[in-house]
Amino acid sequence: MIELDNATKVYGDGTVAVEDVSFEVEEGETVTLVGPSGCGKTTTMTMVNRLTEISDGDIRIDGTSVLDQDPIELRRNIGYVIQEIGLFEHMTVAENISIVPDLRGWSDEEKSARVEELLDLIELPQTVADQYPGNLSGGQRQRVGVARAMAAEPDIILMDEPFGALDPITRQNLQEEFLEIQRALDVTIMFVTHDIDEALKMGDKVAVLRDGELVQYDAPKDLLGSPKNEFVADFIGEDRVLKQLTAVSVREVMTAPKDGDGAGERPLSPEESLKVALQRILQDGSPKMVVENGEVVGRLTEADVAAVAGARASEVLQQ
Amino acid sequence: MKPTLTIVGDTFQWILDNTDSLLEQTIQHLNVSLTSVFIALVLWIPLGLFVHEHEEFAPPVIGTAGMILTLPSLALLPLLIPVVGIGVAPAVVALVLYSALPMIRNTFTGLDEVDESMIRAGRGLGMTDRELLFKVKIPMALPVIFAGIRQAAVLVIGITTIAAFFGAGGLGEAIFAGIRLDYPRQVLGATIVVSALAIATDYGLLLVQRSLPGGSLSDES
């Protein structure tokens, strides 16, 4: 668990980059930090691995203040991914991935076993292990960057706009893949982005920052349903209701199937978002069945979806 | 006046007739040059690293090295004789001094050009300053540093020729003797061998430089 306790960063010239930011990241959770540029999101995150030193307040990892830990040891225990990736161009992909294990003195067998495992995880062919990063595409490079951060099995990974420099299609693919990887691993993630859609998609919780202060810290659904103020509402954008449908899964809304319901045409998976579900319902003009592991587990109608959107929308209007 | 072809023919005939002494002088020449380049490496590459870590020293150090390079060797060598005597010693001192600019400047520039994102990533992953220097910065800067070494080596091989005038030996001896004896084929022949030596060194080191990771990307001479 990461606890930020009134974390504050004031630079030598008096600029306040981050002021009294407090929130907690539960173990295994992904928190996205989002806000306009200059809001202090990256500074907030880098205070966790002490690339930025806290001026005031504290940050604790599992109860121990980061200030009481050796910064080098601390950073080796925390994965780190940046937008520019920063792959070491003179090292092969395998050497890049195993850099932290190497710094920690793992044996060659342990390192190559880990590289093999990670290449599988990030869905790159084993043949890239001996290639230099210069030969890889942008998406492949960023995958390697993620693998490098995970190599020494850290409990925490910090990601600074990791998919920011990629084209929209690659970015979306990587987001999906990363969500899968993240579900499979029990790792706590802090993820900085300026893109609210990415923040809502990737985060179990979203921290919205503005001018160095934490404006709202909530699960995506709650952020969409009840933005705390106009700034958050504006930042989320006009298409709030549609975004909300993206954030809610079919499982949360579906009703029990009636006896004798067949799977029907193009059934839904319970993990699908309401947005995809609504699109399919509208296209086919009929309610959809929800199928999991070959079994019908629920049904979803247009009215069910509308109820969610309507309820949330009216909640927002009350604010 | 003899036709050109005869001069060329005579020169090559002279080279073939004097392979033994030329070989000996080539070895002497290389001995002086390589000793100088080696001493220069030990001095200037660390100095280049130092001025990169302490940038306030970079302008005076690189400026001084640049000034040294503008001193003509025929002026610098006699100046060194009262200090270190005659023979190989003043030659080596002068050649080491001449190597300062390419080596220090390229080390500094090479390190300076290392992509900032790699350094940030390295630091974020928990590298110490030392690990960053030896695992990331120096390997990444190596092609540029090596280009500086190559440049210095070629320069040194050329200037070693002049050092023969002050008793350092090498292929310059044959050239100066040829001038004194008014024997053009000897002057030309020895010059061709020096040039071949310089070109071979340049090309050989270029091949090494290209074989370094990322070396083919930076072909600064």
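Preceding this section is the structure that the text describes.
Computed from a predicted model, the values in this text were never measured in an experiment.

Asks: Hey, could you go over the overall build of chain A for me, with residue numbers and the actual values?
Replies: Each helix and strand counted, chain A has 14 helices and 12 strands in total. A compact globule built from 319 residues would reach a C-alpha radius of gyration of about 20 Å, and chain A, at 22 Å, matches this within 12%. Reported as C-alpha extents along the three principal axes, the dimensions of chain A are approximately 60 × 50 × 35 Å. In chain A, which comprises 319 residues, the proportion classed as buried is 40%.

Asks: For the sheet that holds strand E5 (residues 64–65) of chain A, give the residues involved together with the corresponding values.
Replies: All names here are of chain A. Read across the open sheet, the four strands follow the order E2-E1-E4-E5; overall the sheet is antiparallel. The strands lining the two open edges of the sheet, one partner per strand, are strand E2 (16–25) and E5. Pairing between strand E1 (residues 2–10) and strand E4 (residues 56–61): five bridges, direction antiparallel. Each residue of the ladder has a partner; that of Glu 3, found in E4, is Arg 60.

Asks: Give me the interface of chain B and chain A: which residues, what numbers.
Replies: Counting residues at the interface gives 16 residues for chain B, matched by 17 residues for chain A. Among the secondary structure elements, those contributing two or more residues to the side of chain B that touches chain A are helix H6 (116–124) and helix H7 (129–163) of chain B. Of the residues forming the side of chain B that touches chain A, the biggest block, six residues, is contributed by H6(B). Its residues assigned to classes, the side of chain B that touches chain A shows eight nonpolar, five polar and three charged.

Asks: I'd like to hear about the sheet that holds strand E6 (residues 78–82) of chain A, residue by residue, with values.
Replies: Residues and elements named next belong to chain A. In spatial order, the strands read E6-E7-E8-E3-E9-E10; together these six strands make up an open sheet with mixed pairing. Each end of this open sheet is capped by a strand with a single partner; those strands are E6 and strand E10 (213–218). Strand-to-strand twist across the sheet, computed as the mean angle between neighbouring axes with direction ignored, equals 15°. Strand direction decides the pairing type here: strand E7 (residues 156–160) and strand E8 (residues 188–193), joined by five bridges, are parallel.

Asks: For helix H5 (residues 108–121) of chain A, give the residues involved together with the corresponding values.
Replies: Residues and elements named next belong to chain A. Helix length check: H5 (14 residues) gives 20 Å between terminal C-alpha atoms against 20 Å at 1.5 Å per residue, within 8%. Looking at the buried side of H5, the elements it contacts are helix H3 (93–97), helix H4 (99–103) and helix H6 (138–150). One or two residues past the end of H5 sits Glu 123, with phi positive at roughly 55°.

Asks: Go over the environment of A:Thr301, please, and point to the residues and values.
Replies: Residue and element names in this part refer to chain A. Structurally, Thr 301 is set in the loop between strand E12 (295–300) and helix H14 (302–318). Assessed through the 16 C-beta atoms surrounding it within 10 Å, Thr 301 is described here as partly exposed. On a C-alpha basis, the gap between Thr 301 and Gly 285 in space is 9.8 Å, while along the polypeptide they are 16 residues apart.

Asks: Break down the environment of A:Pro267 for me, with residues and values.
Replies: Residue and element names in this part refer to chain A. One can find Pro 267 in the loop between helix H12 (250–253) and helix H13 (274–284). Judged by local crowding, Pro 267 falls into the partly exposed class, with 19 C-beta atoms found within 10 Å. Taking C-alpha positions, Pro 267 is 9.1 Å from Arg 280, a pair spaced 13 residues apart along the chain. The contacts of Pro 267, once residues within four sequence positions are left out, are Lys 288, Met 289, Val 290 and Val 291.

Parameters and conventions
- Residues numbered from 1 in each chain as written.
- Chains lettered and ligands numbered in written order.
- Predicted model: local features only at pLDDT ≥ 70, side-chain atom pairs only at ≥ 80, totals over all residues.
- Helix = DSSP H or I, 4+ residues; strand = E, 2+ residues; numbered from the N terminus.
- Rg over C-alpha atoms; globule rule 2.2 N^0.38 Å.
- Buried ≥ 20, exposed ≤ 12 C-beta atoms within 10 Å, placed from the backbone.
- Pairing = 2+ DSSP bridges.
- Contact = placed C-beta atoms within 7 Å.
- Nonpolar A, V, L, I, M, F, W, Y, C, P; charged D, E, K, R; others polar.
- Axes fitted to C-alpha atoms, helices over the stretch in contact; angles between N-to-C directions.
- Expected span 1.5 Å × (residues − 1).

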